[in-house]
Amino acid sequence: MMVYFRDNIEDLKGYEPGFQPKEAEVVKLNTNENPYPPSAKVMEVLGSLSAERLRRYPDPLGEEFRSAAAAVNGVPTDQIMCCNGGDDLLTIAFRAFCDEKRPVAYPIPTYSLYPVLAKLQNCERIEVPFDAEFNLPAKLAGTGAALTIVCNPNAPSGSFVRVEELASLADELSGVLLIDEAYVDFAEKNCTELIREFDNVIVLRSMSKGYSLAGIRFGYGIAQPGLIAGLMKVKDSYNVDAVAIAVAAAAIKDREYFKQCVEKVKAERSRMIEQLRAIGFDVPKSQSNFLLARYKEGNAAKICEELAKQDIYIRYFPYPGLADKLRITIGTAEQNDRLLAALKEIVA
Ligand SMILES: *Cc1c(COP(=O)(O)O)cnc(C)c1O
């Protein structure tokens, strides 16, 4: 058979997204979506979009969103870059900083998209293991990588590296430090302040989790203007569409609704930790909207399968360090109760 693709594409397995069931009534706690609907302001904006807005190309920089995000984060507008989901920013960063001679480094286990993007870009991967408590590995500072990524809060552990430690890392690195803050809306702190001090830091944000907009595909980067200008050269000229810009801007401006949703998720997170521990799971603290639970005696893959038979979906990763664990997205109180009831039956 003819081989049409570059070797690295032929060899690539590709990113495996979590299962997306079609039915609405299933309990879907497998891909870390927000269980609550987007802000009512979002639905208003969607309903009032003019035909003219769709006929024309979108604003290439998404200024409407940029200025809203700049105000929320207390940074100038030229330090914000709009992206087609946080994943778009990751792709842009790999293309901008990495190649055969310019490696990427990141601690593992972490977001499984990073190695896929590295393989696409044909760059070396320097994967430095976390310890059992998910502390930032000291070795990460000395890899010489062109791009270092730290997911914080980390997925799928939910653990958090202190801002001061990331400041030291940024200071020690010769390359760029990208801090993937896709879940930071559920954490106590964020790394925005590092942008002021360091010209090599990029903070990634997503509208998918905290703002209930996974379907619209919107994220953004925060960095000093020098880095933003370079990343702009790499992005698609119209990387965010007109509908997404309007919707994401409406969502980020509705602070009150955002805070309510986040508080509800955090309250359920505390309750789920307690309840899961009570039925025999080891559950570390989490600063995100999911938990990484280990069932001491059980077979994690089996538990996941049993739940799926009952239309309850959580996530299992057959990877080193994760094979005995289950990742559970925090749902509504009702969804969480259905999961707990099913788990009690399975592990009884
Ligand atoms: C969800 C997620 C992103 C970005 O997701 P988008 O939906 O593309 O915004 C980035 N990093 C991690 C670790 C994530 O979980």
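Parameters and conventions
Residues numbered from 1 in each chain as written. Predicted model: local features only at pLDDT ≥ 70, side-chain atom pairs only at ≥ 80, totals over all residues. Heavy atoms only, no water. Phe/Tyr/Trp six-rings, centres within 6.5 Å; stacked < 30°, edge-to-face > 60°. Helix = DSSP H or I, 4+ residues; strand = E, 2+ residues; numbered from the N terminus. Buried < 20%, exposed > 50% of the residue type's maximum accessible area, 1.4 Å probe, protein only. Lys NZ or Arg CZ within 6 Å of the ring centre and 35° of its normal. Axes fitted to C-alpha atoms, helices over the stretch in contact; angles between N-to-C directions. Parallel < 35°, antiparallel > 145°, perpendicular 65-115°, else oblique. Left-handed = near helix turned anticlockwise from the far one by under 90°. Contact = heavy atoms within 4.5 Å. Nonpolar A, V, L, I, M, F, W, Y, C, P; charged D, E, K, R; others polar. Domains from an automatic or database assignment. Buried area = accessible area lost by both parts, 1.4 Å probe. Salt bridge = Lys/Arg side-chain N within 4 Å of Asp/Glu carboxyl O. Polar contact = N/O pair within 3.5 Å; in protein donor to acceptor, adjacent residues only side chain to side chain. Near = heavy atom within 4 Å. Pairing = 2+ DSSP bridges. Patch = residues over 30% accessible without salt bridge, like charges linked within 9 Å, V, L, I, M, F, W, Y side chains within 5 Å. Areas by Shrake-Rupley, 256 points an atom, 1.4 Å probe, with all protein chains shown as cover. Lys, Arg positive; Asp, Glu negative; His and termini not counted. Charge placed at Lys NZ, Arg CZ, Asp CG, Glu CD.

S.K.: Mind laying out the packing of aromatic side chains, listing which residues take part and the relevant values?
M.R.: Taken as a whole, this structure holds 12 aromatic pairs when the rule is applied. Relative to Tyr111, the ring of Tyr15 has its centre 6.0 Å away and its plane inclined at 75 degrees; by these criteria the two rings are edge-to-face. Of this pair, Tyr15 sits in the loop between α1 (7-11) and β1 (27-28) while Tyr111 is found in the loop between β3 (104-108) and α6 (113-121), placing the two residues 96 residues apart along the sequence. Given a relative accessible area of 18%, Tyr111 falls into the buried group. Residues Phe281 and Tyr295 carry aromatic rings whose centres are separated by 4.9 Å and whose planes lie at 45 degrees to one another, so their mutual orientation is tilted. Linking Phe281 in strand β9 (residues 281-282) with Tyr295 in strand β10 (residues 290-295), this pair joins segments that are 14 residues apart in sequence. Ring-pair connections join several aromatic residues into one group, and the members of that group are Tyr15, Tyr106, Tyr111 and Tyr114. Taking NZ or CZ as reference, Lys264 lies 4.1 Å from the ring centre of Tyr36, over its face. Looking at Arg327, its charged tip hangs above the ring of Phe290, at a distance of 5.6 Å from the centre.

S.K.: Before we move on, could you go through the packing of helix α2 (residues 40-47) against helix α10 (residues 242-253) and cite the residues and values that matter?
M.R.: Between α2 and α10, the least distance of the axes is 8 Å, while the angle of their chain directions is 150 degrees. Taken together, the axes of α2 and α10 are roughly antiparallel relative to one another. You can see that α2 and α10 cross each other, and the crossing is right-handed. For the pair formed by α2 and α10, the contact residues are Lys41, Val42, Val45 and Leu46 on the first element and Val243, Ala246, Val247, Ala250 and Ala251 on the second. Its residues assigned to classes, the contact of α2 with α10 shows 8 nonpolar, no polar and 1 charged.

S.K.: Give me the domain arrangement of the protein chain: which residues, what numbers.
M.R.: When its domains are assigned, the protein chain resolves into domain 1 (7-37 + 256-347) and domain 2 (49-253). Look at where the C-alpha atoms of domain 1 and domain 2 centre, and you get two points 24 Å apart. The partner domain 2 presents 27 residues to the 25 residues of domain 1 that form the contact. Where domain 1 abuts domain 2, roughly 2,300 Å² becomes buried across the two surfaces, and 63% of that area is made up of carbon and sulfur atoms. Considering only the side of domain 1, the residues that lose the most area to domain 2 are Tyr15, Phe258 and Gln287, jointly responsible for 31% of the buried surface there. Joining domain 1 to domain 2, the criterion identifies 0 salt bridges. Between the two partners, domain 1 and domain 2, sit 10 residue pairs in polar contact (both at pLDDT 80 or more). Going through the elements one at a time, α1, α11 (255-278) and β10 are the ones with two or more residues in the side of domain 1 that touches domain 2. Sort the elements by how many residues they give to the side of domain 1 that touches domain 2 and α11 lands first, with 5 residues. Looking at the side of domain 1 that touches domain 2, its residues break down into 12 nonpolar, 8 polar and 5 charged.

S.K.: Before we move on, could you go through the site of the ligand and cite the residues and values that matter?
M.R.: Neighbouring residues of the ligand: Gly85, Gly86, Asp87, Tyr111, Cys151, Asp180, Ala182, Tyr183, Ser206, Ser208, Lys209 and Arg217. Here Ser208 contributes a side-chain N or O atom positioned 2.6 Å from an oxygen atom of the ligand. When grouped by side-chain class, the residues that make up the shell around the ligand number 4 nonpolar, 4 polar and 4 charged.

S.K.: Could you give an account of the sheet that holds strand β12 (residues 325-329), with specific residues and numbers?
M.R.: Reading across the sheet, the 3 strands line up as β9-β10-β12 and stay open at both edges, with antiparallel pairing between neighbours. Only two strands of the sheet have a single partner each, and these edge strands are β9 and β12. Pairing geometry for β9 and β10, over 2 bridges, is antiparallel. The residue of β10 that forms the bridge with Phe281 is Tyr295. Of the strands in this sheet, β9, β10 and β12 are in contact with α11, which crosses β10 at around 5 degrees. Set on the sheet, helix α12 (residues 300-309) makes contact with β9, β10 and β12; between it and β12 the angle comes to about 40 degrees.

S.K.: Hey, could you go over the sheet that holds strand β6 (residues 176-180) for me, with residue numbers and the actual values?
M.R.: Sheet architecture is open: 7 strands sit in the order β2-β8-β7-β6-β5-β3-β4, paired in mixed fashion. Each edge of the open sheet carries a strand with a single partner, namely β2 (80-83) and β4 (125-129). Adjacent strand axes in the sheet meet at a mean angle of 25 degrees when their direction is disregarded. Note that β2 and strand β8 (residues 219-222) share 4 bridges and pair antiparallel. Each residue of the ladder has a partner; that of Met81, found in β8, is Gly221. In this fold α6 packs onto β3, β4, β5 (147-151) and β6, with an angle of close to 160 degrees to the strand it touches most, β4.

S.K.: Which residues make up a negative patch on the surface, and what values do they have?
M.R.: Together, Asp171, Glu172, Glu193 and Glu197 make up a negatively charged patch on the protein surface. Contributions of two or more residues to the negative patch are made by α7 (163-172) and α8 (193-197). Take Glu197: it is sitting in helix α8.

S.K.: So what about unusual backbone geometry? Which residues, and what values?
M.R.: Note that the residue after Ile108, namely Pro109, is joined by a cis bond; omega there is 0 degrees. The omega torsion across Asn152 and Pro153 is 0 degrees, close enough to zero to call that bond cis. By secondary structure assignment, the location of Pro153 is in the loop between β5 and α7. In this model, Ser212 sits at a positive phi of 60 degrees, which is unusual for a non-glycine residue.

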